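Summary of the model geometry
Residues per chain, in single letters:
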Amino acid sequence: MGASITVEYVKKALPAGLGKWSLIGVVVGLGLAILALTMDPQRATFASLLGFMFVMSIAMGSLFFVALDHITGAVWSVPFRRVAELLSNTLFIAPILAAPILYNIFLEMGGHGMFDMYHWTHDEVVAADPFLSQKAPYLNESSFLFRYVLIWVLMVVFRFILVGNSFKQDKNFNHKLNKTNAAFSALFMIVFAISITITAIDFLMSLEPHWFSTIFGVYYFAGTFATVIAMITIISVNFNERGIMIEGINKDHYYSLGGWMFAFTTFWMYMAFSQFMLIWYANIPEETFWFMPRMEGGWAIASIALIFIKFIIPFGLSIQKPSKSNPRRLKLLALWIMGAHIYDMWWLSYPTYSHLTDSHGPVFGWQEIGFIILAVSLVLFIFNMTAKNKNIVPIGDAKMERALNFHL
Amino acid sequence: MNNEKLYALTALFDTPDGIMKAADAISGQYSRFDVNTPYPVHGMDDAMKLTPSRIGYFTISIGLACMSLMLYFIFWTNNVDYPQIIGGKPFFAFPTYVPIMFEITILTGAVLSVAMMISVLFRFPNNAHPLHDSGYMKAVSSDKYGIYIEAKDSNFDYAKVESLYKELGAIEISPVYYDEEELNWTPQTWDPKFVIGTLGIAAFTSFSVYMHMNKVLFLPPFNWMMEQPRADYGEESEFFADTYSMRVAPAGTIARGFMPYTYDNPDSAAKYLSNPTVPTEENLKLGQRKFTSYCSPCHGNLAEGASRLRGQMPPGPDLRAEMYQNFEDGRFYHTITKGKGIMSGYEAQITREERWAIVNYIRTLQKAYGVPAPKEETEAVAENMDNNTEASN
């Protein structure tokens, strides 16, 4: 057994500002969220959907990053894996943001929903609609809740296996755990692919229950992975500049992180464009009606802005080599990509809100900002809380020494 | 061969560490040097102090330029040269252009970058390099790590470079000479070898393209598309209940650009039809041409009712008469379309626009004639016309 320390690592305290500011963010966000929920529960629930989809992106995406690292035996990503592992704790706070949505759906099981959000939850609408009644075996309140709980439990189980093994490795330096994790990662990949598709379909696509797009899960995944890499980048680049990470992380590691963001920005464009072009070209009324409200009035501007915000600007920011190895530009890119992902979630869900409330045109106000602050600061807060007592790099990993000598 | 000029002084090293150290030391003092290793060595860029390659700028400019050309080409074919409605989409169907533009950007960017590298940097078709066939090149392409400093370098001094190599721990130091004539060889257009080679390639390409287009494409499996199941007209159909392969268009379908004519009596046409054309000079010339071709044999060149048919047919009425001056445009149009009495309808011979042009021309003739004809004459003509109608009946 090759149980020995191969790298030098000294645990250092995390920056105090992280804990303080994330706590302030949680308090402010929670205050705004509760205020929004009491004033306009319908809008607040849509806003919490934004926050929930963002947190779900971080939670599931970070687990995916961990599994990808194990299954491919990647070397460069090992120092950043612990950041992803700690971010996967976000799973435990995801239900907080899902609560308003689930509460409303749960109420509607008895037929007494507070307000309109998911069309398919209204029994009389489903009964009158032949399409919805055929979809009813999948799209109904109890199976929605069941799927959500099942996915959450599966994710938590895999989180304990994959991340738990990694924590164990910190103490016993057992290199065999890498193989165990790789095997579980292979299983996780299948579970993850189905889970993220179901999450995207249930929470976002079913806002328009008549609409269907088989690529929707992949669309959400593309944004998810770019976001999680952006989160990892922001945290680890900041930590590395303060010397909290480990000695040996150089610009080639940065370049690889930037490369992922560049790749998934482009991948998102590929998915989004494929979805749009096929629907536009086939011109079938069952599919085009989803794009119609997004191409009219104020939403048309929001849709064109999406192309720039989610693709053209980050593409331009990340195409050059220095933009991926320069920490300043990398942090800017990462921040932009996270913001763009939230904007994308807003673009996916809010046209339904405009439609339901007859408020033609996009809406964005303090309710949304409150929930976004809540989501982002909850992620950082949980990260800070769990990272306090853990090593910030997986020092026991078999690939750690090679990872620090990584050069492109 | 006349190898007399010194090209470079080369040194071989046994380990990657050795070559890294050497590259690091030499890159500080010399600019015209290069490293050859059997495989890519990590960190060599930094050791050689290379600046980032600027090839990306070339690739993206050529890619974007060709993308713009392609966009213009698609635009021209679909909007200018041969506009065609495909799938009910606008002529300028931008989303469908995007994949093609994307592919063209990648393709031209990649291919032209390689072509530029071969033609400019490698000086194609000149394939000579002093290091070719040297012992140094043989060593570095199997298991040694080599570095060389060109004699052209401004700091080059044979003895100093040799001592530097020794200091760095080179296992073998050897000079490379070259033949100036061979290196500066330029291709001759009428070189027989070149001409024969070009003609040979052209002949082979033509032959293989001919064979592909005329023979290979008609062999299985390439011809499967022609043999796919399909319905031919006149064939019995297994799919449709009435067994007809050729389907009848739904009731009320009209052909594109076809305007159905629904009036069956002159009164309703006179009441509801209005002349959509404007009697411009062009329109009247068209009317004159058509009137002369189709109407004047019976009605006379000036619509005066003087037939050129010499009694083989009864002459047409004088269209300048008061009665006809008071005719509505729609009534004339209906008569031309459907005929009246022994006059047959000209719906099939004269197009819609031409019929209206004839109406306009008749009006012009009436204006030119001016004074309405005496009443008796008009009545006589009308009577005559009625008689003709009866006779034909």
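Residues numbered from 1 in each chain as written. Chains lettered and ligands numbered in written order. Predicted model: local features only at pLDDT ≥ 70, side-chain atom pairs only at ≥ 80, totals over all residues.

1. Here's the deal with the overall build of chain B
The number of helices and strands found in chain B is 14 helices and six strands. In summary, chain B has a C-alpha radius of gyration of 44 Å against a globular reference of 21 Å for 393 residues, an excess of more than 25%. Once the C-alpha set of chain B is aligned to its principal axes, its extents read approximately 130 × 60 × 45 Å. Here chain B holds 393 residues, and 19% of them are scored as buried. When contacts within chain B are restricted to residue pairs at least 6 apart in sequence, long-range pairs at least 24 apart make up 71% of them. (Helix = DSSP H or I, 4+ residues; strand = E, 2+ residues; numbered from the N terminus. Rg over C-alpha atoms; globule rule 2.2 N^0.38 Å. Buried ≥ 20, exposed ≤ 12 C-beta atoms within 10 Å, placed from the backbone. Contact = placed C-beta atoms within 7 Å.)

2. Observations regarding unusual backbone geometry
Residues and elements named next belong to chain B. Following Pro 220, the chain continues to Pro 221 via a peptide bond in cis, the omega torsion being 5 degrees. As for its position among the elements, Pro 221 is in the loop between α8 (192-214) and α9 (266-272). The backbone of Asp 133 sits at a positive phi, close to 60 degrees, despite the residue not being glycine. With respect to the helices and strands, Asp 133 occurs in the loop between α4 (94-121) and α5 (135-140). The backbone of Ala 303 shows a phi angle near 60 degrees, a positive value even though the residue is not glycine.

3. Quick look at the interface of chain A and chain B
On the chain B side, the residues contacting the eight residues of chain A number eight residues. Element by element, the count of residues in the side of chain A that touches chain B is highest for helix α10 (residues 251-282) of chain A, at five residues.

4. Details of the environment of B:Ile26
Residues and elements named next belong to chain B. Looking at the element boundaries, Ile 26 is found in helix α1 (residues 16-29). Residue classification places Ile 26 among the buried residues on the basis of 24 C-beta atoms within 10 Å. Linking Ile 26 and Ile 147, residues 121 residues apart in sequence, is a C-alpha distance of 9.2 Å. The residues contacting Ile 26, other than those within four sequence positions of it, are Phe 33, Ile 147 and Ile 149.

5. Some remarks on the confidence of the model for chain A
Residue-level pLDDT values for chain A average 91, and 97% of them are 70 or greater. The least confident element of chain A is helix α5 (residues 123-128) of chain A, whose mean pLDDT is 86; the most confident is helix α9 (residues 216-241) of chain A, at 95. (pLDDT = per-residue confidence, 0-100.)

6. A short note on the packing of helix α12 (residues 297-318) of chain A against helix α14 (residues 327-356) of chain A
All names here are of chain A. Closest axis-to-axis distance for the α12/α14 pair is 10 Å, and the angle between their directions is 160 degrees. It follows that α12 is roughly antiparallel to α14 by the angle criterion. Considering the relative orientation of α12 and α14, their crossing is left-handed. Every residue of α14 that contacts α12 at Trp 299, Ala 302, Ser 303, Leu 306, Ile 309, Lys 310, Ile 313, Pro 314, Leu 317 and Ser 318 is listed here: Leu 332, Leu 333, Trp 336, Ile 337, Ala 340, Tyr 343, Asp 344, Trp 347 and Pro 351. Classifying every residue of the contact of α12 with α14 gives 15 nonpolar, two polar and two charged. (Axes fitted to C-alpha atoms, helices over the stretch in contact; angles between N-to-C directions. Parallel < 35°, antiparallel > 145°, perpendicular 65-115°, else oblique. Left-handed = near helix turned anticlockwise from the far one by under 90°. Nonpolar A, V, L, I, M, F, W, Y, C, P; charged D, E, K, R; others polar.)

7. Regarding the sheet that holds strand β4 (residues 172-178) of chain B
Residue and element names in this part refer to chain B. Read from one edge to the other, the open sheet built from four strands follows the order β2-β3-β1-β4, with strand pairing classed as antiparallel. Looking along the sheet, the strands with just one partner apiece sit at the ends: β2 (33-36) and β4. Taken pair by pair, the neighbouring strands of this sheet meet at an average axis angle of 25 degrees, ignoring direction. Both β2 and strand β3 (residues 145-150) contribute to a ladder of four bridges, which runs antiparallel. By the bridge assignment for β3, Phe 33 is matched with Ile 149. α1 rests against β1 (5-13), β2 and β3 of the sheet, and its axis sits at about 20 degrees to β3. (Pairing = 2+ DSSP bridges.)

8. Considerations on helix α10 (residues 281-299) of chain B
The periodicity of an α-helix, 3.6 residues per turn, causes residues three or four positions apart to be oriented the same way. All names here are of chain B. Helix length check: α10 (19 residues) gives 22 Å between terminal C-alpha atoms against 27 Å at 1.5 Å per residue, more than 12% under. Residue Thr 292 marks the point of greatest curvature in α10, where the axis turns by about 50 degrees. Restricting attention to buried positions, one finds in α10 the residues Leu 286, Gly 287, Lys 290, Phe 291, Cys 295 and His 299. Looking at the buried residues of α10, the elements they touch are α13 (352-369). Where α10 ends, the next residue or the one after it, Gly 300, has phi of about 90 degrees, a positive value. (Expected span 1.5 Å × (residues − 1). Bend = angle between axes of the 7 residues up to and from the residue.)

9. Points about the pairing of β3(B)
All names here are of chain B. Within β3, five of the six residues are buried, which leaves the element mostly enclosed by the surrounding structure. Here β1 pairs with β3 via six bridges, running antiparallel. Its bridge partner being in β3, Leu 9 is matched across the sheet by Ile 149.

10. With respect to the nonpolar core
If you look at the biggest cluster of nonpolar residues, it comprises 113 residues, and the most contacted ones within it are A:Leu50, A:Val55, A:Ile229, A:Ile232, A:Met261, A:Ala375 and A:Val379. In terms of residue count, helix α2 (residues 41-72) of chain A provides more of this core than any other element does, 18 residues in total. Non-local contacts of A:Val379, meaning those with residues more than four positions away in its chain, are made with A:Val55, A:Ile58, A:Leu87 and A:Thr90. In terms of nonpolar packing, the next biggest core, distinct from the first, is built from 26 residues, B:Leu9, B:Ile147, B:Tyr148 and B:Tyr165 among them. (Core = buried A, V, L, I, M, F, W, Y, C linked by C-beta atoms within 7 Å.)

11. A look at the packing of helix α3 (residues 78-87) of chain A against α9(A)
All names here are of chain A. In the contact formed by α3 and α9, the axes pass within 10 Å of each other and the chain directions differ by 115 degrees. Considering how the two elements wind past one another, α3 and α9 form a crossing that is right-handed. Residues Phe 80, Val 83, Ala 84 and Leu 87 of α3 form the contact with α9, whose participating residues are Met 231, Ile 232, Ile 235 and Ser 236. Across the contact of α3 with α9, the residue classes break down as seven nonpolar, one polar and no charged.

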